[in-house]
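Observations on the three-dimensional arrangement
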Amino acid sequence: MKNQERLLQVIRSPIVSEKSTKVADKHRQFVFKVLPNATKPEIKQAVEFLFNVKVRHVQTVCVKGKQKRYGWVWGRRIDWKKAYVGLEEGYDIIFGGQ
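Overview of a nonpolar patch on the surface
The grouping of Leu-8, Val-16, Phe-49, Leu-50, Phe-51 and Phe-95 at the surface amounts to a nonpolar patch, some 510 Å² of accessible area in total. In this fold, Val-16 is placed in the loop between strand S1 (11-14) and helix H2 (18-27). Note on Val-16: relative accessible area 63%, which makes it exposed.

Structure, rendered in structure tokens:
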């Protein structure tokens, strides 16, 4: 198993949106914002370590930062990476309250 400190840093936050909720209901996948240099095996181990679940597969997407305007100056948001994590049958992750 990887260094536990590294595993705690790999997953930055869950992405809770309309699209991610649809994906979770239909395909049993959960979406996370992860470190840009995280690998699929690291993401799998981190999710299994943090949430006590069995991961079936991991798909990653590198999201390019949008070009935005800040007053008169044009700037660019940073690039980031998200991971779609599919769970084995019988496992679930509950982010909110109950």
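A short note on the pattern of salt bridges
One pass over the structure, following the stated rule, counts two salt bridges. Residue Arg-76 pairs with Asp-79 through a salt bridge whose shortest N-O separation is 3.3 Å. Exposure remark for Asp-79: the relative accessible area of 34% places this residue in the partly exposed category.

Cut-offs and rules
Residues numbered from 1 in each chain as written. Predicted model: local features only at pLDDT ≥ 70, side-chain atom pairs only at ≥ 80, totals over all residues. Heavy atoms only, no water. Patch = residues over 30% accessible without salt bridge, like charges linked within 9 Å, V, L, I, M, F, W, Y side chains within 5 Å. Areas by Shrake-Rupley, 256 points an atom, 1.4 Å probe, with all protein chains shown as cover. Salt bridge = Lys/Arg side-chain N within 4 Å of Asp/Glu carboxyl O. Helix = DSSP H or I, 4+ residues; strand = E, 2+ residues; numbered from the N terminus. Buried < 20%, exposed > 50% of the residue type's maximum accessible area, 1.4 Å probe, protein only.

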